[in-house]
Amino acid sequence: MKILVCMSVVPDTTTKITFVENNTKFNTQGVQFIINPYDEVSITKSLELTEKLGGTVSLVHVGLTENDAVIRKGLAIGAHDAFRINAEATDGQFVAEQIAAFAKDKGYDIIFTGRESIDYNGGQVCGLVAELLGLPSVNIITSIEVDGNTATMTRDIDGGSEKLSCSLPMVVSAQKDLCEPRIPNMRGIMSARTKPLTVIEPISVESFGKFQSFESPKPKASVKLIDPEHPEELIQLLRNEAKVI
Amino acid sequence: MSVVIFAENSEGKFKKGVFEAATYAYKTANKLGTEAKAIVIGDVNQEDLNKLGNYGISTVLKLNTPSNEFHTQSWSELVSQGFKTMQGSVLIISNTYTGKSIAPRIAIKLGASLATNVIDLPDTTNGFVVKRGSFSGKGFAFVNLSRATKVIALTPNSIDLEEQVTTLTVNSETIGTQAPATQIIGTSKTQGKIPLTEAEIVVSAGRGMKGPENWGMIEELANVLGAATACSKPVSDVGWRPHSEHVGQTGITIKPNLNIAIGISGAIQHLAGVSSSKVIVVINTDPEAPFFKIADYGIVGDAFQVLPKLIAAAKASMSS
């Protein structure tokens, strides 16, 4: 079993999001970066699969050298090796083109992505990579078992869930319920230092579009407090003032 | 060229998001000086099909399939073929689980620019710029889609419905696709529940409810208001409620008209997933709870005291 996990590096979930340079760039000042939580789940599930069935788990990341420390955390969780495609990740389509070009001749049985990254929330890379490679894709899975050349999965659908099977190779995106992410232990942290992290130069990709600017949510007016003894006033306000019920 | 929606159906009926997509398509088509059209896959209730004409759709291409079963690859192929048949330039898809699955694959097939999580009409004055949710609700991005063909996944509850009656033409066609790569073994749908991502009203609760045995009041309020129920991450982590109800940065991002949050203090990760709610009500014993800072209405009080009265008031109001 040869598994590739696409790994994104994102701001810590507690980060206050602000923008600089006339709102054209995300302000990275003082921000701690982490493995995208859904990708952390993907790494752990990939390790569980290879521990049961044999095989290797590789990480691939599109980004610059400052992300190497976060990639090493992925190796500390247990991934066997990592590849960094040396380019700024400008959007999901660019990232997917890079990953597909890297993966196309490597013979991966399963390519994992997170259901989305928690920064740009595109949720695109699973489907884009699959289509570029001509592979089936299953989006937002909450369980996976592999038997021989077939994977059986559960995926979220609108209003419920669905159990389905698919032949390998395939591309899947992980929902957080897939497993409990592992925390690196000291042995993992030590061994991650010597695991291979190979830097690859990017391919040339024609632009699909460009992030022009960003905006913060508008500040809210002060809360209107209602007497807890008279919550019926709230219902009246929701009906007559806010007009939402 | 035309602006085309993929009108996804659920057991033969359209959900509100389809009519939002139609409204979006009609307004975008107006900006571009063209028509709004729709692609439908499988059997759809005729009454619902006709409703597309009430939201500015002039032509429907109904693609016949052996079954209504959704398969990502084959449906991506069908929608792409239908879009080409209709000479589309912009494709609008609801950002549902189905939409999230097929939009990227279609974008590659069409060589299109792709934008997901779109929450507003495009600005076409200088290029084609869409506004999309980013940073899990903590920011918005404006993206200029440079390819001639564009695929847009529209977040439900982002666009107000606007009726625009047009004469509707329906064409049927059969397009062959490859056998599906996936085999569906079984489907489990939560009967009678409103999916969180589509809900107009959400009643959410947190650890302040003290235990899963107290959720009856939450469900009762939700039933009275026709709302979906949700919870904070700690609540789903300890198993009081299913993970599918977890809203927040690493759960589901919601955008309802009304979110009533009960016994949730409002950690930054939770607020990220709910801050796009149009109106927020917070009920909490702690007046310093961060959630009050983004709330429109608040009650500082004990949920166990407030909820019975609130449910009674809601029942009286909804029946009047």
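Conventions adopted
Residues numbered from 1 in each chain as written. Chains lettered and ligands numbered in written order. Predicted model: local features only at pLDDT ≥ 70, side-chain atom pairs only at ≥ 80, totals over all residues. Heavy atoms only, no water. Helix = DSSP H or I, 4+ residues; strand = E, 2+ residues; numbered from the N terminus. Contact = heavy atoms within 4.5 Å. Buried area = accessible area lost by both parts, 1.4 Å probe. Salt bridge = Lys/Arg side-chain N within 4 Å of Asp/Glu carboxyl O. Polar contact = N/O pair within 3.5 Å; in protein donor to acceptor, adjacent residues only side chain to side chain. Pairing = 2+ DSSP bridges. Right-handed = clockwise from strand over helix to strand, strands pointing away. Axes fitted to C-alpha atoms, helices over the stretch in contact; angles between N-to-C directions. Parallel < 35°, antiparallel > 145°, perpendicular 65-115°, else oblique. Left-handed = near helix turned anticlockwise from the far one by under 90°. Nonpolar A, V, L, I, M, F, W, Y, C, P; charged D, E, K, R; others polar. Buried < 20%, exposed > 50% of the residue type's maximum accessible area, 1.4 Å probe, protein only. Arc of directions from axis to C-beta.

J.: Explain the environment of B:Y97 here, please?
T.: Within the secondary structure, B:Y97 is located in helix α4 (residues 97–110). In sequence terms B:Y97 and B:K189 are 92 residues apart; their C-alpha atoms lie 14 Å from each other. Ignoring any residue separated from it by four or fewer positions in sequence, one finds B:Y97 in contact with A:R115, A:I140, A:D156, A:I157, A:D158 and B:I252.

J.: What is the right way to read the interface of chain A and chain B from this model?
T.: Think of interface size as the accessible area that goes away when the parts come together; that is how it is often given. Listed by partner, the interface residues are 77 residues for chain A and 86 residues for chain B. Here chain A meets chain B over a buried area of about 6,900 Å², counting both sides, of which 54% is carbon and sulfur. Sorting the residues of chain A by area buried against chain B places A:E131, A:D158 and A:K220 first, and these three jointly supply 11% of that buried surface. The partner of A:K220 in a salt bridge is B:D296, with the nearest N and O atoms 2.7 Å apart. Linking chain A with chain B are 44 residue pairs in polar contact (both at pLDDT 80 or more). When contributions to the side of chain A that touches chain B are tallied by element, the ones reaching two or more residues are α1 (37–53), α4 (125–133), β9 (137–147), β10 (150–157), β11 (160–167), β14 (209–215), β15 (224–225) and α6 (232–241) of chain A. Among the elements that line the side of chain A that touches chain B, the one with the most residues is β11(A), at eight residues.

J.: Is there a simple way to explain the pairing of strand β7 (residues 81–86) of chain A in this structure?
T.: Side-chain positions along a regular strand alternate between the two faces of the sheet. Residue and element names in this part refer to chain A. Looking at chain direction, strand β6 (residues 56–63) and β7 are connected through six bridges and run parallel. Pairing of H61 across the sheet is with R84, part of β7. Considered for its hand, the β-α-β crossover made up of β6, helix α2 (residues 68–77) and β7 is right-handed. Across four bridges, β7 lies against strand β13 (residues 197–200) in parallel orientation. Bridging across to β13, F83 finds its partner in T198.

J.: When you look at unusual backbone geometry in this model, what are you seeing that I'm missing?
T.: For residues other than glycine, phi is negative in most cases, and the peptide bonds are mostly trans. Cis geometry marks the peptide bond from A:L168 to A:P169; its omega dihedral reads 0 degrees. Following the sequence through the fold, A:P169 ends up in the loop between β11 and β12 (170–174). Even without a glycine there, the phi angle at B:E11 is positive, about 50 degrees. Although it is not a glycine, B:Q87 sits at a positive phi angle of roughly 50 degrees. Relative to the helices and strands, B:Q87 is located in the loop between α3 (72–85) and β6 (88–94).

J.: Help me understand the packing of α4(A) against α4(B), please; the structure alone is not making it clear to me.
T.: For any two helices packed against each other, one specifies the crossing angle of their axes together with the interaxial distance. At a minimum axis separation of 7 Å, α4(A) and α4(B) run at an interaxial angle of 40 degrees. Between α4(A) and α4(B), the angle falls in the class oblique. In the crossing of α4(A) with α4(B), the sense of the turn from one axis to the other is right-handed. Seen from α4(A), the contacting residues are A:G127, A:L128, A:A130, A:E131 and A:L132; seen from α4(B), they are B:P104, B:R105, B:I108 and B:K109. Among the residues making up the contact of α4(A) with α4(B), the classes are represented as five nonpolar, one polar and three charged.

J.: Just to check I follow, could you spell out the pattern of salt bridges for this structure?
T.: Pairing of side chains with opposite charge becomes possible as their charged atoms draw close. A full pass over the atoms with the stated rule returns 24 salt bridges over all chains. Between A:K45 and A:E48 there is a salt bridge, and its shortest N-O distance comes to 2.9 Å. Note that A:K45 and A:E48 are positioned in helix α1 at a spacing of three residues, about one turn of the helix. Here A:R182 ties to A:E51 by a salt bridge, and the two come within 2.8 Å at their closest N and O atoms. Here A:R182, found in the loop between β12 and α5 (186–192), pairs with A:E51, found in helix α1; they are 131 residues apart in sequence, far enough to count as distant. The exposure class of A:R182 is partly exposed, given its relative accessible area of 29%. Using a relative accessible area of 53% as the deciding quantity, one classes A:E51 as exposed. A network of salt bridges, in which partner residues are shared, links A:E131, B:E77, B:R105 and B:K109.

J.: Sorry if this is basic, but what is going on with α6(A) here?
T.: Because an α-helix packs 3.6 residues into every turn, residues spaced three or four apart end up facing the same way. Every buried residue of α6(A) is accounted for by A:L234, A:I235, A:L237 and A:L238. Projected onto a plane normal to the axis of α6(A), the buried residues spread over an arc of 160 degrees and lie on a single side. Looking at the buried side of α6(A), the elements it contacts are β15 of chain A together with β15 (258–262), β16 (279–284), β17 (297–300) and α8 (303–319) of chain B. Following α6(A) by one or two positions, A:K243 has its phi on the positive side, about 55 degrees.

J.: What's the story with the pairing of β11(A) in this structure? I'm lost.
T.: As paired strands, β10(A) and β11(A) are joined by eight bridges and run antiparallel to one another. Directly across from A:R155, in β11(A), lies its bridge partner A:E162. In this antiparallel pair of consecutive strands, β10(A) and β11(A), the connection spans two residues, and A:G159 shows a positive phi of 80 degrees. Bridge analysis of β11(A) against strand β12 (residues 182–189) of chain B gives seven bridges, and the strand direction is antiparallel. Bridge assignment links A:C166 to a residue of β12(B), and that residue is B:T182.

J.: Even after reading the chapter, I still don't get the sheet that holds β15(B), so can you show me in this structure?
T.: Adjacent strands of a sheet pair through backbone hydrogen bonds, lying either parallel or antiparallel. In spatial order, the strands read β15(A)-β17(B)-β16(B)-β15(B)-β13(B)-β14(B); together these six strands make up an open sheet with parallel pairing. At either end of the open sheet lies a strand with only one pairing partner, and these are β15 of chain A together with β14 (228–231) of chain B. Of the pairings in the sheet, the one linking β15(B) to β16(B) comprises five bridges and is parallel in character. Bridge assignment links B:N259 to a residue of β16(B), and that residue is B:I280. Where α6(A) meets the sheet, it contacts β15 of chain A together with β15, β16 and β17 of chain B, and its direction lies at approximately 180 degrees from that of β17(B). Packed on one face of the sheet, helix α5 (residues 215–225) of chain B meets β13 (201–205), β14 and β15 of chain B and runs near 170 degrees to β13(B).

J.: Help me understand the environment of B:K131, please; the structure alone is not making it clear to me.
T.: For B:K131, the location among the structural elements is in strand β8 (residues 129–134). For the pair formed by B:K131 and B:V238, sequence separation is 107 residues and the distance between their alpha carbons is 36 Å. When neighbours within four sequence positions are excluded, B:K131 is seen to be in contact with A:E215, B:N117, B:V118, B:I119, B:D120, B:F140, B:A141 and B:F142. A distance of 3.0 Å separates the side chain of B:K131 from the side chain of A:E215, its partner in a polar contact.

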